Amino acid sequence: MRRVRFHSYGGPEVLRVEEAEAPEPGPGELLVRTEAIGVTLPSVRRTRGDGTGGGVPLPAVLGGEVAGEVVGLGPDVTGFAVGDRVTSLSFTGSYTEAATVPAAMAARLPDAASSVDAVALVRGGQVALAALATAAPADEESVLITGAAGATGHLAVQLAKLRGVPRVVAAVSSAAKADFLYGLGADEVVTYEDASWGEPVDIVLDGVGGDLLPRAVAALAPGGRLVFFNSGGGTVPAYELLAGSKTITGLTMARFAATRPELYARHGAELWDHFFAGRLRATVHARVPLVDAARAHEIIEARANLGKVVLIP
């Protein structure tokens, strides 16, 4: 099988296509023949050794979202069979033609769904719904979403409107993305370089972090709250939180799924219900061959994508 690894830190140029033996599924794992692989900002950052990638042993295969057909079962796996079509995360490496995934995090695909649909919808949609559940917008509260044109952000914009949020502000890197976001239901679109992001908001869903985090906190009204679900880090003076009675809550999907499994399952069903009813668009910006993974990373690093970038083995 083919896989993509990196042997040193750097930009997209460090990704290498290699031949390897297919892995064996361990206890509680499925072996999936990948049909679609999600490219995420954390994965792109990981090759540079920053964000969540610092200290990862090299050489490494990037992990992340996959969808495809189950071709092998590890010991103690129940509830799945060879031939099932599933989507899941792969912690051992997803940039490959066959990946092991935890059965506990796998979900079957509806018959009418493609693997590309699943990669574009499920993970990003689960993060967006978990962020909204964590923020718990009340009546008339407003929401600002950073990275709003990205894989998770563009779903969060739509889901916030579907949840009845009256004012959704989309924050993006370029005004060229505005039409895309207005088409998804955003009430306002601002760029990171704008002097003002408009009237303060009650909630920020931050998928970017880094140098943008202080600006996102500053956009909150007194008593506002920010849900932080990115790998970019960032620093905020504690006094700013105190003075504005503001809060920041970190969100990881592993903990959310483990501590709120019934809600996680309901969210999955909600996503497919919206998708098949035509209420939710899971936009695929580009389908890139696995062997051209470097090009997929270039798209993400350039902040050029509108929606999801998907690798096709």
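Residues numbered from 1 in each chain as written. Predicted model: local features only at pLDDT ≥ 70, side-chain atom pairs only at ≥ 80, totals over all residues. Heavy atoms only, no water.

Trainee: Would you explain the overall build of the protein chain in this entry?
Mentor: Of regular secondary structure, the protein chain possesses nine helices and 16 strands. A compact globule built from 313 residues would reach a C-alpha radius of gyration of about 20 Å, and the protein chain, at 19 Å, matches this within 12%. For the protein chain, the proportion of its 313 residues judged to be buried stands at 53%. Considering only contacts in the protein chain between residues 6 or more positions apart, those separated by 24 or more positions represent 63%. Carbon together with sulfur atoms contributes 52% to the accessible area of the protein chain, which is approximately 13200 Å² in total. In the protein chain, the 27 positive side-chain charges and the 34 negative ones have mean positions that sit 0 Å from each other. (Helix = DSSP H or I, 4+ residues; strand = E, 2+ residues; numbered from the N terminus. Rg over C-alpha atoms; globule rule 2.2 N^0.38 Å. Buried < 20%, exposed > 50% of the residue type's maximum accessible area, 1.4 Å probe, protein only. Contact = heavy atoms within 4.5 Å. Areas by Shrake-Rupley, 256 points an atom, 1.4 Å probe, with all protein chains shown as cover. Lys, Arg positive; Asp, Glu negative; His and termini not counted. Charge placed at Lys NZ, Arg CZ, Asp CG, Glu CD.)

Trainee: Would you mind showing me how to read helix α9 (residues 293-301) here?
Mentor: In an α-helix, one turn spans 3.6 residues; hence positions three or four apart end up facing the same way. Within α9 the residues assigned to the buried category are Ala293, Ala296, His297, Ile299 and Ile300. Taken around the axis of α9, the buried residues stretch over an arc of 155°, which confines them to a single face. For α9, the elements touching its buried residues are β1 (2-6), β2 (15-19), β3 (29-39), α1 (41-46), β15 (284-289) and β16 (308-312). Arg303 lies just past α9 and shows a positive phi near 55°. (Arc of directions from axis to C-beta.)

Trainee: So what exactly am I meant to see when it comes to the pattern of salt bridges here?
Mentor: Taken as a whole and judged by the stated rule, the model has 13 salt bridges. Across the salt bridge formed by Arg33 and Glu35, the nearest N and O atoms sit 3.4 Å from each other. Among the residues examined, Glu35 registers a relative accessible area of 27% and is labelled partly exposed. In this structure, Glu65 engages Lys308 in a salt bridge whose closest nitrogen and oxygen atoms are separated by 2.6 Å. Here Glu65 is found in strand β5 (residues 64-73), whereas its partner Lys308 is found in strand β16, with 243 residues between them in sequence. We note that Glu65, like Lys308, is buried. Overlapping salt bridges, with partners in common, bring together Arg3, Arg5 and Glu18 in one network. (Salt bridge = Lys/Arg side-chain N within 4 Å of Asp/Glu carboxyl O.)

Trainee: Could you clarify how one ought to interpret the sheet that holds strand β14 (residues 247-250) in this entry?
Mentor: The strands making up a sheet are joined through hydrogen bonds of the backbone, oriented either antiparallel or parallel. The sheet built from six strands is open, its strands ordered β11-β10-β9-β12-β13-β14 with parallel pairing. Lying at the two open borders of the sheet, with one neighbouring strand each, are β11 (188-191) and β14. Pairs of neighbouring strands in the sheet enclose a mean axial angle of 20°, with direction left out of account. Here strand β13 (residues 220-228) pairs with β14 via four bridges, running parallel. Bridge pairing links Phe228 to Gly250 in β14. (Pairing = 2+ DSSP bridges. Axes fitted to C-alpha atoms, helices over the stretch in contact; angles between N-to-C directions.)

Trainee: Where do I start with the sheet that holds β1 in this structure?
Mentor: With antiparallel pairing, three strands are arranged side by side in an open sheet as β2-β1-β4. Among the strands making up the open sheet, the edge pair consists of β2 and β4 (60-61).

Trainee: Looking at this structure, I do not really get helix α3 (residues 153-162). What am I missing?
Mentor: The buried fraction of α3 amounts to eight of the 10 residues, a majority that puts the element mostly inside the structure. Along α3, the residues that are buried comprise Gly153, His154, Leu155, Ala156, Val157, Gln158, Leu159 and Ala160.

Trainee: Can you help me understand the side chain of Thr146 in this one?
Mentor: For Thr146, the position within the fold is in strand β9 (residues 143-146). Polar side-chain contacts of Thr146 include one of 2.9 Å to the backbone nitrogen of Gly207. Residues contacting Thr146, with those up to four places away along its chain left out, are Ala171, Tyr192, Val204, Leu205, Asp206, Gly207, Val208 and Leu212. (Polar contact = N/O pair within 3.5 Å; in protein donor to acceptor, adjacent residues only side chain to side chain.)

Trainee: Explain the environment of Leu212 here, please?
Mentor: With respect to the helices and strands, Leu212 occurs in the loop between β12 (201-206) and α5 (213-218). The spacing of Leu212 and Phe256 is 44 residues in sequence and 24 Å in space, taken between C-alpha atoms.

Trainee: Hey, could you run me through the nonpolar core in this one?
Mentor: Soluble globular proteins: nonpolar side chains tend toward being buried together. Grouped together as the largest cluster of nonpolar side chains are 52 residues, with contacts concentrated most on Ile145, Val157, Leu159, Leu181, Leu205 and Trp272. Among the elements that make up this core, the one with the highest residue count is helix α2 (residues 115-135) (13 residues). Apart from residues lying up to four places away in sequence, Leu159 is in contact with Gly125, Ala128, Leu129, Leu132, Leu271, His274 and Leu280. By size, the runner-up hydrophobic cluster in this structure holds 32 residues, among which are Leu30, Val32, Val66 and Val288. (Core = buried A, V, L, I, M, F, W, Y, C linked by side-chain atoms within 4.5 Å.)

Trainee: Whenever I open this one, the pairing of strand β6 (residues 85-90) confuses me. Can you help?
Mentor: By the criterion of burial, β6 is predominantly enclosed, with five of the six residues buried. Looking at chain direction, β5 and β6 are connected through six bridges and run antiparallel. Among the inter-strand pairings, Val66 is bridged to a residue of β6, identified as Ser88. Note: β6 against strand β8 (residues 107-108), two bridges, orientation antiparallel. Paired with Thr87 across the two strands is Ala107, which belongs to β8.

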